[in-house]
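Commentary on secondary and tertiary structure
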Amino acid sequence: MRILLALAALALLGACGSMGEFLEGNKVDYKSAGKLPPLDVPPDLTAPARDNRYAVPESGKAATTLSGYQAERAQARPGTGAVLPAAEGVRVERDGNQRWLVVNAPPEKLWPLVKEFWQESGFLLRQEMPEAGIMETEWAENRALIPQSWLRRTLGGLLDAAHSTPERDKYRTRLERTPTGGTEVYISHRGMVELYVSEERAQTMWQPRPPDPELEAEFLRRLMVRLDTPEEKAKAMLAAAPPPQRAALKKGLDGQELLEVFEPFDRAWRRIGLALDRVGFTVEDRDRQKGVFFVRYADPDAEMERKSREKSMFSWLAFWRSDEPKVKAAQYRVAVSATSDNSGDNSRVQVQDKNGSAESSVTSRRILTLLHEQLK
């Protein structure tokens, strides 16, 4: 009986503590499927403060008091230089639902800090391309979405392995050098959700889900705090009111569909690069001087339409062949050009085939629509 009462008291205490943490609004708690690598402290970071109560002063020192000795050790301690400028060196830029950071530091100095940031946030890194300024995480599970039952709050990690969510997330970080020597930091989110493929609920399949701008904003805020920005200031900067619509789908004089972005080329180029990352296009190369992104895109709907058109009477007899369409990624060019009209400096986006000719297929319209959803 005493054992049961003790367990009940323990459960009550654990529930109260966990509920308090839950009410504090911790809605992001990621955990990758693998073991995180150790976080090595770079040599240029400030050495952690240590307890010097038992440190023996070196011989020959003139200091005879504790305060004088501590002052001498503080002057002699190496690595006291700041990794990045103060909080004034970080600001937020925003267009529509897109946000990014502008940091007063070169990409070479910011890269290792961003890498540590993702590892400290519970992610494994899947891709690191310093020469292109791209860093991508593995798929990870947001453990904060798991319902907090009293039993799980009580036993904690003992039941974590038995709980899982039907969603996975990954993030891509892109660093671009500014003309003034600073860095623009873009964070784009991609999500997957596990859905049942039949009414019997016997089989599931992972399907893409729309990017979440709020998750992107949350990690931008956390990165700002990691770069020594006060938390309240970071929240206020990211909560600024969004500007009006920035893009619209139109038709050119030749009848070709295009996407008009109501911004000059430099800003439109950066935003389109972030939009391509968000939607999940494979960007094989980019030529900023010519304003061209070289991408690959697999359109499952277009492939199914083509299969249905090609299916003839004889194909029905080939019962051994699978009806499942095999989606193949095709090459496209996303061309960005500057234009000037009465409303000011704008930019236009057109989809071309791999040879640079105008593309007017269903897939090209879908690409423009996906980009418009991110840029408007």
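A quick note: this is a predicted structure, and the numbers were derived from the prediction, not measured.

Definitions and cut-offs
- Residues numbered from 1 in each chain as written.
- Predicted model: local features only at pLDDT ≥ 70, side-chain atom pairs only at ≥ 80, totals over all residues.
- Heavy atoms only, no water.
- Helix = DSSP H or I, 4+ residues; strand = E, 2+ residues; numbered from the N terminus.
- Contact = heavy atoms within 4.5 Å.
- Areas by Shrake-Rupley, 256 points an atom, 1.4 Å probe, with all protein chains shown as cover.
- 1 Å grid on protein atoms, 1.4 Å probe; cavity = no way out; pocket = protein on both sides within 12 Å on 5 of 7 lines; lining within 4 Å.
- Points joined across faces, edges and corners; volume = space filled by probe spheres on them.
- Nonpolar A, V, L, I, M, F, W, Y, C, P; charged D, E, K, R; others polar.
- Buried < 20%, exposed > 50% of the residue type's maximum accessible area, 1.4 Å probe, protein only.
- Phe/Tyr/Trp six-rings, centres within 6.5 Å; stacked < 30°, edge-to-face > 60°.
- Lys NZ or Arg CZ within 6 Å of the ring centre and 35° of its normal.
- Expected span 1.5 Å × (residues − 1).
- Salt bridge = Lys/Arg side-chain N within 4 Å of Asp/Glu carboxyl O.
- Pairing = 2+ DSSP bridges.
- Core = buried A, V, L, I, M, F, W, Y, C linked by side-chain atoms within 4.5 Å.
- Axes fitted to C-alpha atoms, helices over the stretch in contact; angles between N-to-C directions.
- Left-handed = near helix turned anticlockwise from the far one by under 90°.
- pLDDT = per-residue confidence, 0-100.

Turning our attention to the overall build of the chain. Counting secondary structure elements, the chain contains 10 helices and 15 strands. Pairs at least 24 apart in sequence give 59% of the contacts found in the chain among residues at least 6 apart. Total accessible area on the chain stands at roughly 23000 Å², and carbon and sulfur atoms take up 54% of it.

Okay, the layout of surface pockets next. The space that makes up the second largest pocket amounts to roughly 640 Å³. With six residues, the single largest contributor to the lining of the second largest pocket is strand 7 (residues 167-177). Taken together, the residues that form the lining of the second largest pocket break down as nine nonpolar, four polar and 14 charged.

Positionally, Ile367 belongs in helix 10 (residues 362-375). The exposure class of Ile367 is buried, given its relative accessible area of 0%. Sequence separation of Ile367 and Val351 is 16 residues, and the distance between their C-alpha atoms is 7.7 Å. Sequence-distant contacts of Ile367, defined by excluding residues within four places in its chain, comprise Phe281, Tyr297, Tyr332 and Val351.

Scanning all chains against the criterion turns up 15 aromatic pairs. Judged by centre distance (4.9 Å) and plane angle (40°), the ring pair of Phe281 and Tyr297 falls under tilted. You can see Phe281 sitting in the loop between helix 7 (265-279) and strand 12 (282-287) and its partner Tyr297 sitting in strand 13 (residues 292-297), a full 16 residues away along the chain. Using a relative accessible area of 15% as the deciding quantity, one classes Tyr297 as buried. Here Arg174 stacks its cationic end above the ring of Tyr186, 4.7 Å away from the centre of that ring. Arg222 extends its terminal NZ or CZ atom over the ring of Phe219, reaching a point 5.8 Å from the ring centre.

In this section: helix 7. Helix length check: helix 7 (15 residues) gives 21 Å between terminal C-alpha atoms against 21 Å at 1.5 Å per residue, within 8%. Among the residues of helix 7, those classed as buried are Phe265, Ala268, Trp269, Arg270, Arg271, Ile272, Gly273, Leu274, Ala275, Leu276, Asp277 and Arg278. Just past helix 7, the residue Gly280 takes up positive phi, approximately 100°.

Attention now goes to the pattern of salt bridges. Throughout the structure, instances matching the rule amount to 26 salt bridges. One salt bridge in this structure joins Glu176 and Arg286, with 3.9 Å as the shortest N-O distance. Here Arg286 lies in strand 12 and Glu176 lies in strand 7, a separation of 110 residues in the sequence. Here Arg296 and Glu284 are joined by a salt bridge, their closest N and O atoms 2.5 Å apart. Within this pair, whereas Arg296 is found in strand 13, its partner Glu284 is found in strand 12, the two being separated by 12 residues in sequence. Accessibility expressed as a relative area gives 29% for Arg296, which makes it partly exposed. For Glu284, a relative accessible area of 43% corresponds to the partly exposed category.

Next up on the list: the pairing of strand 11 (residues 257-261). The element strand 11 is largely enclosed, with a buried count of four among its five residues. Pairing geometry for strand 10 (residues 247-251) and strand 11, over five bridges, is antiparallel. Paired with Lys250 across the strands is Leu258, a residue of strand 11. Connecting strand 10 to the next strand, strand 11, in antiparallel fashion are five residues, including Gly255 with a positive phi near 85°.

Moving on: the side chain of Thr178. By secondary structure assignment, the location of Thr178 is in the loop between strand 7 and strand 8 (183-196). On the accessibility criterion, Thr178 (11% relative accessible area) is buried.

Right, let's talk about the nonpolar core for a bit. General note: in soluble globular proteins, nonpolar side chains tend to be found buried as a group. Core analysis: the largest hydrophobic core is formed by 29 residues, its most contacted members being Tyr30, Leu101, Val103, Trp118, Tyr171 and Phe219. Elements represented by at least two residues in this core include exactly strand 2 (90-95), strand 3 (98-103), helix 3 (107-120), strand 7, strand 8, helix 5 (213-226) and helix 6 (231-238). Apart from the residues within four sequence positions on either side, Phe219 is in contact with Val28, Tyr30, Phe117, Trp118, Ser121, Phe123, Tyr171 and Ile187.

As a further point, take the packing of helix 5 against helix 6. Two elements in contact, helix 5 and helix 6, have axes whose closest approach is 9 Å; the angle formed by their N-to-C orientations is 145°. Between helix 5 and helix 6 lies a crossing whose hand is right-handed. Taken together, the residues of helix 6 that come into contact with helix 5 (itself represented by Ala217, Leu220, Arg221, Met224 and Val225) are Glu231, Ala234, Lys235, Met237 and Leu238. Classifying every residue of the contact of helix 5 with helix 6 gives seven nonpolar, no polar and three charged.

This part is about the confidence of the model for the chain. With 62% of its residues at a pLDDT of 70 or more, the chain has an overall mean of 74. Confidence over residues 36-64 falls short of pLDDT 50; this stretch has 31 contacts with residues more than four positions distant or in other chains.

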